[in-house]
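Each chain is listed here by its residues.
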Amino acid sequence: MKHLILTLTLLLSSTTAIAQFQSEDIEISGYMQGMPVWINADLPPPFEKDSFWEYRLQNRLNVQWYLSPDLTFNWEMRTRLFAGDLVQDIPFYADAIDQDDGLVNLSWLIADREKWMLHYIPDRLNLDWYSGNWRITAGRQRVNWGINTITNPNDLFNIYSFYDFDYPERPGSDAVRVQYFLDWASRFELAYRSARDMKNSVAAILYGFNKSGYDIQMITGYYRHRWAIGGGWAGSIDQTGFKGEVMFFADLEDQPGQNPTNLIAALSADYMFDSSLFLIVEALYNKNGGQDDFLLFGEPLSADNPSFSRFQFSAQATYPFTPIWSGSLAAITYPDEEALFISPSVTWSALQDLDVNLLTQIFIGSADSVFSEAGNVIVGSIKWNF
């Protein structure tokens, strides 16, 4: 307990000191977030419990160092303290947290005790050069090619999970990205993400342009020993936003136990009502039928298989009740799995830089569904931004 109190003190005091440091060439921002998490999951033997409490303290630190008018060094990192039942009762939990899928393993399990652990990892660590029509970024970064809000088959380099409730920044990847801007609406991009196993690397080209009020992108390249081709668009029909992403994947050689091709299409629409209610709906088709199982600590989704079922229909509504109170409700249905995901959330802006949030994730599925033992989550959050 003494070690835990000392760790908490050092984490809070160092964050306060860093938050006060600013200079002409260096900008620092981030947040501190306290988060109690309750998880109910029907885990297989030898686990005897089906209810777990965890307490998280997360420090997000973003550093931008302007080396010259054209060159910026970016360093963004997460330092997280985990304490409670999961650390104590799940034997592989520390290993699941202490992972880095990048070319360079920068994950650091600073402390691993019986009931708590402290983990650090940078998810942005790069040099960004921007001059004239050219922009080149080298290092750990987010190559964001996704367009839709919920599912992004266009996001070949670092797809994120909609179910990840405490990672709004989304993951990065070790990559080199070259962008050339033809004009205000047209660009070429070339990006390459290496991997420890070269077959798992990703290299792709994107051409983006604007046509008749629509931002359109076309993509082709190499994705984990598969050929990938597709694209996406973002525009509107009257006052309704209309977006979509389509990708086709084909194996470069036979892979035992894997379908040789896959087609993924995701269409979405969004609308802002006069009442300030904002609604998003999305339909997804994943030809191969999604994942075979679901675990709270399972493998992340991938661009060539981004869903848990062949068909997926989603909706998300957000509404500001008052200037300081807002709420959201997300729902996803999986018809071929006879399953449903529901996630209500409410946020209170207690102070200018202090937010309080309560979120719930509920998975409902038939006995034959991959969600039948997925579990439910209730999360509280107090977040101080600096």
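All figures in this text were calculated on a predicted structure; none of them were measured in a lab.

Definitions and cut-offs
- Residues numbered from 1 in each chain as written.
- Predicted model: local features only at pLDDT ≥ 70, side-chain atom pairs only at ≥ 80, totals over all residues.
- Heavy atoms only, no water.
- Helix = DSSP H or I, 4+ residues; strand = E, 2+ residues; numbered from the N terminus.
- Buried < 20%, exposed > 50% of the residue type's maximum accessible area, 1.4 Å probe, protein only.
- Contact = heavy atoms within 4.5 Å.
- Pairing = 2+ DSSP bridges.
- Polar contact = N/O pair within 3.5 Å; in protein donor to acceptor, adjacent residues only side chain to side chain.
- Salt bridge = Lys/Arg side-chain N within 4 Å of Asp/Glu carboxyl O.

Colleague: What is the right way to read the environment of Leu-277 from this model?
Modeller: Inspection of the secondary structure assignment puts Leu-277 in the loop between strand 13 (261–272) and strand 14 (278–286). Owing to a relative accessible area of 27%, Leu-277 belongs among the partly exposed residues under this scheme. Residues Leu-277 and Ala-266 lie 11 residues apart in sequence; the distance between their C-alpha atoms is 23 Å. Apart from the residues lying within four places of it in its own chain, the contact partners of Leu-277 are Tyr-271, Met-272, Ala-317, Thr-318 and Tyr-319.

Colleague: Looking at this structure, I do not really get the pairing of strand 17 (residues 339–351). What am I missing?
Modeller: If a strand is regular, its side chains alternate between the two faces of the sheet. Looking at chain direction, strand 16 (residues 325–334) and strand 17 are connected through 10 bridges and run antiparallel. Along strand 17, the bridge assignment pairs Ser-326 with Thr-347. Counted between consecutive antiparallel strands, the loop separating strand 16 from strand 17 contains four residues, among which Glu-338 sits at a positive phi close to 50°. Here 10 bridges tie strand 17 to strand 18 (residues 354–365), and the two strands are oriented antiparallel to one another. Bridge pairing in strand 18 links Val-346 to Leu-358. Remark: two residues form the turn of the hairpin made by strand 17 and strand 18, two consecutive strands paired antiparallel.

Colleague: I tried to follow the side chain of His-119 on my own but got confused; where do I start?
Modeller: For His-119, the position within the fold is in strand 5 (residues 116–131). With a relative accessible area of 1%, His-119 lands in the buried category. A distance of 2.6 Å separates polar atoms of two side chains, one belonging to His-119 and the other to Ser-107. For His-119, the residues in contact, after removing those within four places along its chain, are Arg-78, Thr-79, Arg-80, Phe-82, Ile-97, Asp-98, Ser-107, Trp-108, Leu-109 and Ile-110.

Colleague: Explain the environment of Leu-86 here, please?
Modeller: Mapped onto the secondary structure, Leu-86 falls in helix 2 (residues 85–89). Taking the relative accessible area as the measure of exposure, Leu-86 reaches 1% and is therefore buried. Separated by 185 residues in the primary sequence, Leu-86 and Tyr-271 have C-alpha atoms spaced 40 Å apart.

Colleague: I tried to follow the pattern of salt bridges on my own but got confused; where do I start?
Modeller: Note on pairing: side chains with opposite charge can pair once their charged atoms come close. Tallied over the entire structure, the rule returns 17 salt bridges. For Asp-166, the salt bridge goes to Arg-56, with nearest N and O atoms at 2.8 Å. Placement of Asp-166 in the loop between strand 6 (134–141) and strand 7 (173–181) and of Arg-56 in strand 2 (residues 51–66) is noted, with a sequence separation of 110 residues between them. Overall, Asp-166 belongs to the buried group, its relative accessible area being 4%. With a relative accessible area of 15%, Arg-56 lands in the buried category. Between Arg-226 and Asp-304 there is a salt bridge, with the nearest N and O atoms lying 2.9 Å from each other. Residue Arg-226 is located in strand 11 (residues 226–237), and its partner Asp-304 is located in the loop between strand 14 and strand 15 (311–320); the two are separated by 78 residues in the primary sequence. Residue class for Arg-226 comes out buried when judged on its relative accessible area of 3%. Residue classification places Asp-304 among the buried positions, given a relative accessible area of 12%. Within the structure, one salt-bridge network assembled from shared partners comprises Glu-54, Arg-56, Arg-78, Arg-80 and Asp-166.

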